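Residue strings, one per chain:
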Amino acid sequence: YISGHRTADILRQGIKTDTWEFRSIKDDMTRKTTWKEVKDALDGGTIYFNTAGSLWPTLGALCLLTIEAFGLPANINVYITPPGVTTSVPPHTDRQDVLVFQTAGAKRWRVYAPPPRRKGAADPMNRGKAGDVLSFEELGEPLIDAVIKRGDILYVPAGFPHTTDTCTVVDDDDDVADIDVDHHHQETSSSADVVFDETSVHLTMGLDTHVWALTYAHLRWSLLQRVGKNFQLNIEDDDAYWEAMKAISVGFLGGTNGRLSWKRIRDNGGKGELDKNYKDRMIEELKTVMIQLEPNRWNVENDSGTDDDDDNDNDRESLPTDEEFGQVIDYFVRDHLFPLIEIQEEMFKDVDPFNEETVIKAYKCTQKQNAIMEKFGAFSKNEAMRRSFEQSRLAREEKTKGMM
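Structure report, in brief.

Some remarks on unusual backbone geometry
Point 1. The backbone phi angle of alanine 130 is positive, close to 55 degrees, even though this residue is not glycine.
Point 2. Within the fold, alanine 130 resides in the loop between β7 (106-111) and α4 (136-139).
Point 3. With relative accessibility at 78%, the residue alanine 130 sits in the exposed group.
Point 4. At aspartate 350, a position not held by glycine, the phi torsion is positive, near 50 degrees.

This is the structure:
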């Protein structure tokens, strides 16, 4: 029942290689996937399987270990590419911090620093997708340009553009081996032939803090709506933007006090109080981000207890109270992250790709995750978000009526 996707023909044929386009390997998602469908889809391009941990037992076990180690929601995808593919995936960004495990063959990776944000451009966490073009000219020189081989692990932070291929290598002088390409056939140098002599398989383990709203930007968004303050802003400063998009101090990022608080909450089935020092630290971190994003909006006391700019006091707002900050932090850790982790642990346990019950469980867990995001929208007093996830959940229920 494992369903997958393949890169679109226009990408494989070199007609359009600057944005990610794909389609499903099979037309009917309700029947089992055949080996012929996988083999045909692999001819000339990349195929991939999302949320693979919910359907492959070994990958489910790896997801569980990752969740336990990092204390964060995790998800794994599988990417398979034959040798000689000029563009396995075009330059793009992702919302996940990812660990890449190369398990077979080899693949060349180029990873870049996030380009300056441009007005009207796509979400920096979703560049190079849905028609957005992320050109090499915009990216500049890569931070990493290397061929990843079997047994290698690569870390790519969220928002860092990357592209891959299985037909070019980097020589000792950091020059890429020559390659003569037409749309249907690639002739590589002898060195590339040696490196890319078998099908490449890699696992992408995503730590999903951005996907599940576990960033300081989301904390701020929720807090300001709850207290009736304007949450919309135009961030001009790239450094301030990326600071706000950092994951909040949960899981392994929470330090000793955070880990002890998390253990107490888990041991009590999602109940219990956060450590005061831990909560105070998160409050101060969120305040710092909010002030950095809007330095002219908030009244801020300096170390002497006076405002930094008394002349503009009347034009500035008071930050929400520490109690209001604390309510949001309690919710994110105890009422949002905890049930998300529980759902994922259920999803990745006792996986059998040949059993229909595994497919049904994966579907039900996905629906539960949507319900968690509905609750997050309601908690944040954002009806549009709540309704969006509700409609998505109900649409899936309608589409699968009588099947589950």
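A short note on the nonpolar core
Point 1. Core analysis: the biggest nonpolar cluster contains 65 residues, and Ile47, Phe49, Val78, Leu219, Ile248, Phe332 and Phe376 have the highest contact counts within it.
Point 2. Among the elements that line this core, the one with the most residues is helix α10 (residues 322-348), at 13 residues.
Point 3. Among all residues touching isoleucine 47, those that are not within four sequence positions of it are His5, Arg6, Arg12, Ile25, Val38, Ala41, Leu42, Val78, Tyr79 and Ile80.
Point 4. Ranked by size, the runner-up nonpolar core spans seven residues in total, among them Val100, Trp109, Ile148 and Leu154.

Here we look at the environment of lysine 361
Point 1. Structurally, lysine 361 is set in helix α11 (residues 356-379).
Point 2. Sequence separation between lysine 361 and valine 351 is 10 residues; the distance between their C-alpha atoms is 9.2 Å.
Point 3. Those residues in contact with lysine 361, other than ones at most four positions away along the chain, are Glu346, Met347, Lys349 and Asp350.

Concerning the pairing of strand β9 (residues 153-156)
Point 1. Judged by which residues are buried, β9 turns out to be one-sided: Leu154 and Val156 face inward and are buried, whereas Ile153 and Tyr155, on the alternate face, are not.
Point 2. Of the strand pairs in this sheet, strand β6 (residues 97-104) and β9 are connected by four bridges, and their pairing is antiparallel. Following the sheet pairing, phenylalanine 101 is matched in β9 by isoleucine 153.

What counts and how
Residues numbered from 1 in each chain as written. Predicted model: local features only at pLDDT ≥ 70, side-chain atom pairs only at ≥ 80, totals over all residues. Heavy atoms only, no water. Helix = DSSP H or I, 4+ residues; strand = E, 2+ residues; numbered from the N terminus. Buried < 20%, exposed > 50% of the residue type's maximum accessible area, 1.4 Å probe, protein only. Core = buried A, V, L, I, M, F, W, Y, C linked by side-chain atoms within 4.5 Å. Contact = heavy atoms within 4.5 Å. Pairing = 2+ DSSP bridges.

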